[in-house]
Amino acid sequence: MKTETTVTKAPEEEPPGKSLVDSEVEEPPSKTALTIKHIFFSQVPQELWNDWKWHFRNRVTTVDELAKFIPLSAKEQTRLKLVIQKYPLSITPYYLSLIDPDDPDDPIRKQAVPSFQEVALAGMGFEDPLEERRDSVVPGLVHRYPDRVLMVLTNLCPMLCRHCTRKREWHHGAWVRTPTEIEAMLDYIRQNKRVRDVIISGGDPLALSTQRLEEVISRLRQIEHVEIIRIGSRFPVVLPQRIDDELCAMLSRYGPIWLNTHFNHYQEITAESAAACDRLLRAGVPVNNQTVLLRGVNDSVATQLKLCQGLLKIKVRPYYLFQCDEVQGTEHLRTPVKVGIEIIGGMRGYTSGLAVPAYVIDLPGGGGKVPLQPNYVLSQTEEEVILRNYEGRLFSYRNPVLFGQTAKTNRRNGGNGSRHQGSTQLAFCHF
Ligand code: SF4
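Residues numbered from 1 in each chain as written. Predicted model: local features only at pLDDT ≥ 70, side-chain atom pairs only at ≥ 80, totals over all residues. Heavy atoms only, no water.

Caption draft 1: Molecular detail of the overall build of the protein chain. Helices and strands together make up the secondary structure of the protein chain, namely 16 helices and 15 strands. Taking all 431 residues of the protein chain together, the buried fraction comes to 50%. At a minimum sequence separation of 6, the contacts of the protein chain that also span at least 24 residues come to 73%. For the protein chain, the computed accessible surface area is about 20,200 Å², with 53% contributed by carbon and sulfur atoms. (Helix = DSSP H or I, 4+ residues; strand = E, 2+ residues; numbered from the N terminus. Buried < 20%, exposed > 50% of the residue type's maximum accessible area, 1.4 Å probe, protein only. Contact = heavy atoms within 4.5 Å. Areas by Shrake-Rupley, 256 points an atom, 1.4 Å probe, with all protein chains shown as cover.)

Dropping the structure here:
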């Protein structure tokens, strides 16, 4: 995909700087936050800690900087310097403060800190497994499904997640779409009246200034057939301070807007991230969560239960659990498909259905999303279905009578519609 791009220093209009000055800092919500935040950021005034642009300017982007926060041997540092030549590093101070520096298996660390395996296993997988480039109708606009399109506005992200599907975009320097490119995307949407749903993604589109984002959203809203706008953003998780009053006020003017975010572990649910989601909800923006299943991060029933139940407590709906795509440089984080199915099997029935996300594989080659779950249907005929429940018990469920077959079925059921032996009584309301 050839793109006309502008190199930018995001966030826009903000001078770079690294300032650690005296101030009081609130008690952080967890042990890990206490460790790094108290040791390294205790001198940062609360006003700056609450300022997303300060976090953006002070991202950790070199191995030398990282080694000040997390113990790294000389060998590790040498290796990581090699890795980031191919796959760069970027961690916000906020997200860094969630890491337990003494735990090499910390689930937050695994998502943020590069691994040598990214290059050691780089021969496995594909640069663009979903073939988004092939489905780009104009630069930055992917049109794969009939009624929705994906607008990629920038490749900027506050944190570079090691499992990112669009790692291929990290090589090209920072860019945002030019006004000309955005106009071409809007033109395409205007001319395609079947497009009722526009997903704004990246990179992370909230890396743009609120003003620049409003220029795009307000023009989308002028297109009559665009019913909903969805924003894909990890800011609520990695830099929740970005969800400020100005942004929320802007979003509230152009609803319905939905926001899909990306919590992967319950330790990411903090006072700050909960407050960010709450601000979005109060602005009329429903928040859904898309988790990626990651080896050593969240690949157990217990972790997923705690994550999804925690999300419900902050009024965020667990929407998808994604199988990690076949992306080059992520093989060490991928799990066998059976792990995801077992996790869903360990959640369904054991907690509220609202807490159970849809486990999906985004098929390679642009085949779309396919939902996977344990096999609950053991057999079926026109008359009945044999089902297994979450505890492994078997049930026979009578199929409804089809029009024209009433007499035959009534005879079989003794004329009174009675159930097969062994079936359970179903209530009318399935709450
Ligand atoms: S926020 Fe999303 S697009 Fe950005 S690095 Fe993380 S996974 Fe990739």
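Caption draft 2: Geometry of the site of the ligand. Lining the immediate surroundings of the ligand are Cys 157, Met 159, Leu 160, Cys 161, Cys 164, Trp 170, Gly 203 and Arg 234. Along the lines of polarity and charge, the residues of the shell around the ligand split into 6 nonpolar, 1 polar and 1 charged. (Near = heavy atom within 4 Å. Nonpolar A, V, L, I, M, F, W, Y, C, P; charged D, E, K, R; others polar.)

Caption draft 3: Representation of the packing of aromatic side chains within the structure. Counted under the stated rule, the structure contains 11 aromatic pairs. Seen in terms of ring centroids, Tyr 87 and Trp 170 are 6.4 Å apart; in terms of plane orientation they differ by 85 degrees. Their pairing is edge-to-face. You can see Tyr 87 sitting in the loop between α5 (74-86) and α6 (93-96) and its partner Trp 170 sitting in the loop between β4 (148-152) and β5 (175-177), a full 83 residues away along the chain. Residue classification places Tyr 87 among the buried residues on the basis of a relative accessible area of 2%. (Phe/Tyr/Trp six-rings, centres within 6.5 Å; stacked < 30°, edge-to-face > 60°.)

Caption draft 4: Main features of the side chain of Ser 218. Tracing the backbone shows Ser 218 in helix α10 (residues 210-221). The class of Ser 218 is buried, set by a relative accessible area of 18%. A polar contact is formed between the side chain of Ser 218 and the backbone oxygen of Glu 214, at a distance of 2.8 Å. (Polar contact = N/O pair within 3.5 Å; in protein donor to acceptor, adjacent residues only side chain to side chain.)

Caption draft 5: Spotlight on the packing of α10 against helix α12 (residues 245-252). One way to put it is that α10 packs onto α12 with a least axis distance of 10 Å and a crossing angle of 10 degrees. When the interaxial angle is binned, α10 and α12 end up roughly parallel. From α10, Thr 210, Leu 213, Glu 214 and Ile 217 reach across to α12, where they touch Glu 246, Leu 247, Met 250 and Leu 251. For the contact of α10 with α12, the residue count by class is 5 nonpolar, 1 polar and 2 charged. (Axes fitted to C-alpha atoms, helices over the stretch in contact; angles between N-to-C directions. Parallel < 35°, antiparallel > 145°, perpendicular 65-115°, else oblique.)

Caption draft 6: Molecular detail of the sheet that holds strand β15 (residues 394-398). Judged by pairing direction, the sheet is antiparallel, and its 3 strands sit side by side in the order β13-β14-β15 without closing on themselves. On the outer flanks of this sheet lie β13 (377-380) and β15, each paired with one strand and no other. When the angles between neighbouring strand axes are averaged without regard to direction, this sheet yields 20 degrees. With 3 bridges connecting them, β13 and strand β14 (residues 384-388) associate as antiparallel partners. What sits directly across from Val 377, in β14, is Leu 387. (Pairing = 2+ DSSP bridges.)

Caption draft 7: Examining the nonpolar core more closely. Leu 66, Leu 96, Met 151, Ile 189, Ile 217 and Leu 220 are the most contacted members of the largest nonpolar core, which totals 79 residues. Among the elements that line this core, the one with the most residues is helix α9 (residues 179-191), at 5 residues. When near neighbours in sequence (up to four residues on either side) are disregarded, Ile 189 contacts Leu 141, Val 149, Met 151, Val 195, Val 198, Leu 220, Ile 223, His 225 and Val 226. Core analysis: the second largest hydrophobic core is formed by 11 residues, Leu 293, Leu 305, Val 339 and Tyr 359 among them. (Core = buried A, V, L, I, M, F, W, Y, C linked by side-chain atoms within 4.5 Å.)

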